[in-house]
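# Topology and contacts: notes
What follows is each chain in one-letter form.
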Amino acid sequence: MSTVRLKPLLHFSDIQNPKLSRKSKKKLGFSSFNYPLHPIFSGPARFCKFSSRRLILPAIKSSLTDSASVEADTDASVLFKETFQLRRTQTVEGRVSVRLARGSDEKHWELTVGCNLPGKWILHWGVTYSDDNGNEWDQPPPEMRPAGSVAIKDYAIETPLCQSLTTLEGQLLHSVQINFNVDSSIAAINFVLKEEETGAWFQHRGRDFKILLSDCCDENTVVGAKDFGIWPGQISSILLNPEGSRSKAEENAGEARSRNLQNQLLEYSISKEVPVTNFLTVSIQSSVDTHKNLVHFDTDLPGEVVVHWGVSRLGDKKNWEIPDGPHPQGTKSFRKKALQTVLQPKRTGDGSWGSFSLDKEFAGLLFVLKINGYTWLNNKDNDFFVPLHGTQVHHADSQRTIAVARSTHASASEKIEEADSTSSHGAYTDGIIKDIRNLVSDISSEKSSKSKFEVSQERILQEIEKLAAEAYSIFRSSKPTFVAEPAIDVETLKPHVKIYPGTGSGFEILCQGFNWESHKSGRWYLELDDKAKELSSLGFTIIWLPPPTESVSPEGYMPRDLYNLSSRYGSMEQLKSLVNRLHEEGIKVLGDVVLNHRCAHYQNQNGVWNIFGGQMNWDDRAIVADDPHFQGRGNKSSGDNFHAAPNIDHSQDFVRKDIKEWLNWLRKEIGYDGWRLDFVRGFWGGYVKDYMDATEPYFAVGEYWDSLSYNYGSLDHCQDAHRQRIIDWINASTGTAGAFDVTTKGILHATLEKCEYWRLSDEKGKPPGVVGWWPSRAVTFIENHDTGSTQGHWRFPSGKEMQGYAYILTHPGTPAVFYDHVFSHYKDEIAKLISLRHRSMIHCRSTVKIIKADRDVYAANIDEKVEMKIGPGHYDPPGGPQKWIVAAEGRDYKVWEAS
């Protein structure tokens, strides 16, 4: 049976329930994934037995000793011996099962949802009525709610799963049964799973489960329950091929084959992180005969364990060096800065061990551990340091808690870099800086030979970029940050593959280079060309240009012929000239690409506009099947529909191939360095990963926009559900693109409008937006062409814009400044804040310590270099040895920098 992997939506114990008023027509904000699941005529609801594959939970061993692993020297004395406690997480896998069956009679049916993973599981669910054309959830009628159900505002129900039965393999199954009447007007049941103990949410590929109880045609009319009898064939076609669409012939054959498959059920793989404790014992023995110290490692960690190590001569816990050989058998050099030695498996199979000798001239051994090829373990965010001289032994702290060094929440691209660099935070930093200086010197020395200078310069700059990326990873992992980023499936990690994370240097400052009226001049590219030098002098490192393609709407967001770059903003040649000019000024350029929808050139035989022309001359197979207006013949949408134009089906191979060719053509022909991705709610983030991998952007950001959570017109304090949905999309793209931090914008609105500055701290004392959970992928902003300009859909509180900029330009994330504000009376104030950010080297992963979040004032310290406050309330940095000087101030904001 084909299965699909489910990943947790959130890994925080304090997650709040997603909240949204029905009036907003946005049920939860999750994009639905439709599963046409229909009744099976069978007996009482029960689950068929699971396969023989069992759920294996990690076994924790208390014994660390392997009789064969100790190479004791009878003439040696023990200088050091310590057992470290290793705490990490491990993924276990199970299944979610869904079954629909007839109950007591033909009008009463039972939907059973089960999960075979241990834990306290909650079904978070609601219904869709047949007369509801939106994606909104509603509460089911009272008679449909199982015992123990709790209403969640006016849109959902939470029902605990009970321990219902044990499978033949001895696994405990948690399940819940929902009874309903087919004569009701309920068209679908929607649900996600939540684990109560951890607060983690589980969906299918970032979307809700949607179980259809009635069949809907293109016009959204619902076929009555009398048609249930024909649906067993439809459910089994899903069972046979849950991952994709099939041809008409296959569907007919599947229906014919499946009328006897009435006892089947749907099963989906699900994975969960569980805490695991292991141990590592390190001992140092001094040998009188050999005048060496013997280092012995003993651990119960499963799988391959690599010791990533070096030595220090003066007891320096930061600076590593590689000792002279010979080294242990199989040891490899890592970038000439450390050694990597694989421990040997114990004969008992319950861990690994290893021993090697070191000259007594060394004062200490520094190391971290790497397990299973991608997980790094260190000592409370620092390297392990083991003294090699008896005078340095400290036995008081015999049990140390080891933090997991790798970020289980970073994108796949960051993991590769961080896995390489986190292992030795302090050890590499000085070396990296030295390497960069040497490479810069190489550039100068190569200038004497002009013929080879350009090639050498490109090579050297590429190496600098790699070293810089490594340094940024060290910044992130060596400081106590609050990043809480969703996990990426380890299967996506492919070592030795060149990774382009799409996040730039980490020090980017973005300018949106247009507003809603910019197209009206017909020469916008020329106008920006005149401002390129000024934008560079203001400190912007990257600019977002408007959509370049020919479009039905003059603003560019209804594209038609994607290869036609003559738009209302100017000609293709003017665009190329502008990009070259910006590059000369040191500014990277983002192209605004609309991939979700496209306007057609021609009508079909029914008069529907769904036939495309130009170089990408698609037919109606390129349009999603559930777009109600354009009669698409593709697969169902993987996201929300944009109703003004045909929604493109990115599951089609020919569509993705053409889009990747077009994007690469833009990169080569125009010179774009990256992308701003429009309306990414409309399609799965996994397709974005495909496009980013193919085009290797320097920087990319998606527009994932939906409503925040409100209660009777007032913004809820906790917006975890809202920012989680944005993070889910980033996570689906494996972090190859960031996203605009809409959560932070909304919270700033409520904060400044009502003087409620306490909103700027979440329940853990961290920033409450995306920037609080995944700062390297958060693009913070206060205004853009949609929210401000002449549209004004969600305008920032008037007169308080500089408080917003004082916040985003001093905090982590990548800040974006709106064109209308750059060239306004705020320009000088914005320039001071940008200059301060560059001067203090604040970057997208900087550390924030919130000092105050009261009714009328918010204050924070950033990287111990900058302190800031916004709000009418009073705040000054504390006195002491650290001196602070005012760097920027204005109406209700003030920023200091360390002197």
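Use the structure listed above.
Let us look at the structure shown here. Please read these numbers as outputs of a predicted model, since none were measured by experiment.

### Notes on the environment of Thr91
One can find Thr91 in strand E3 (residues 76-102). For the pair Thr91 and Pro275, spaced 184 residues apart in sequence, the C-alpha separation works out to 9.0 Å.

### Quick look at the sheet that holds strand E40 (residues 893-898)
Strand order in this open sheet of 5 strands is E36-E37-E38-E40-E39, and the pairing throughout is antiparallel. The open sheet has two free edges, formed respectively by strand E36 (848-853) and strand E39 (884-890), since each of these has just one partner strand. Taking the axes of each pair of neighbouring strands and ignoring which way they run, one obtains an average angle of 15° across the sheet. Of the strands in this sheet, strand E37 (858-862), strand E38 (866-870) and E40 touch helix H12 (residues 801-808), which is tilted by about 155° from E38. Packing of helix H14 (residues 827-839) onto the sheet brings it into contact with E38, E39 and E40, and relative to E39 it is tilted by some 150°.

### Brief notes about the side chain of Asn861
Tracing the backbone shows Asn861 in strand E37. A distance of 2.8 Å separates a polar atom in the side chain of Asn861 from the backbone nitrogen of Glu864. Sequence-distant contacts of Asn861, that is, excluding residues within four places in its chain, are made with Thr847, Val848, Lys849, Ile851, Val866, Glu867 and Trp884.

### Notes on the environment of Lys657
Mapping Lys657 onto the fold places it in helix H8 (residues 653-669). Sequence separation between Lys657 and Ala694 is 37 residues, and the spatial gap between their C-alpha atoms is 9.8 Å.

### Observations regarding the pairing of E36
In terms of strand pairing, E36 meets E37 through 5 bridges, oriented antiparallel. Paired with Ala853 across the strands is Tyr858, a residue of E37. Here E36 hands over to E37 after 4 residues, the two strands then running antiparallel side by side.

### With respect to the pattern of salt bridges
Scanning all chains against the criterion turns up 33 salt bridges. We note a salt bridge from Arg681 to Asp640, for which the minimum N-O separation is 2.3 Å. One end of the pair, Arg681, is in the loop between strand E29 (674-677) and helix H9 (685-695); the other, Asp640, is in the loop between strand E28 (609-611) and H8, with 41 residues separating them in the sequence. Relative accessible area serves as the criterion here: at 10%, Arg681 is assigned to the buried category. Salt bridges sharing partners connect three or more residues here, namely Asp529, Arg581, Glu584 and Glu585.

### Describing the sheet that holds strand E26 (residues 588-593)
Ordered in space as E24-E25-E26-E29-E30-E33-E34-E35, the 8 strands form a closed barrel in which the pairing is parallel. Neighbour to neighbour, the strand axes of the sheet diverge by 30° on average, direction disregarded. When strand E24 (residues 510-512) meets strand E25 (residues 542-544), the two strands line up parallel, connected through 3 bridges. By the bridge assignment for E25, Gln512 is matched with Trp544.

### Some words on the nonpolar core
In terms of nonpolar packing, the biggest core is built from 115 residues, with Leu545, Leu677, Tyr805 and Tyr858 touching the most fellow members. Take this core: its biggest share by element is 6 residues, from helix H6 (residues 524-538). Ignoring anything within four residues of it in the chain, the contact list for Tyr858 reads Tyr757, Leu760, Tyr807, His811, Val848, Ile850, Lys852, Ala853, Met868, Lys869 and Ile870. By size, the runner-up hydrophobic cluster in this structure holds 33 residues, among which are Val98, Met144, Leu161 and Ile186.

### Topic: the pairing of strand E7 (residues 156-160)
With 4 of its 5 residues buried, E7 lies for the most part within the structure. Bridge count between strand E5 (residues 121-129) and E7: 4 bridges; the pairing is antiparallel. Looking across to E7, one finds that His124 is bridged to Glu158. When strand E6 (residues 150-152) meets E7, the two strands line up antiparallel, connected through 3 bridges. In the strand pairing of E7, Ala151 is matched with Ile157.

What counts as what
- Residues numbered from 1 in each chain as written.
- Predicted model: local features only at pLDDT ≥ 70, side-chain atom pairs only at ≥ 80, totals over all residues.
- Heavy atoms only, no water.
- Helix = DSSP H or I, 4+ residues; strand = E, 2+ residues; numbered from the N terminus.
- Pairing = 2+ DSSP bridges.
- Axes fitted to C-alpha atoms, helices over the stretch in contact; angles between N-to-C directions.
- Contact = heavy atoms within 4.5 Å.
- Polar contact = N/O pair within 3.5 Å; in protein donor to acceptor, adjacent residues only side chain to side chain.
- Salt bridge = Lys/Arg side-chain N within 4 Å of Asp/Glu carboxyl O.
- Buried < 20%, exposed > 50% of the residue type's maximum accessible area, 1.4 Å probe, protein only.
- Core = buried A, V, L, I, M, F, W, Y, C linked by side-chain atoms within 4.5 Å.

So yeah, pure geometry; function would need other evidence.
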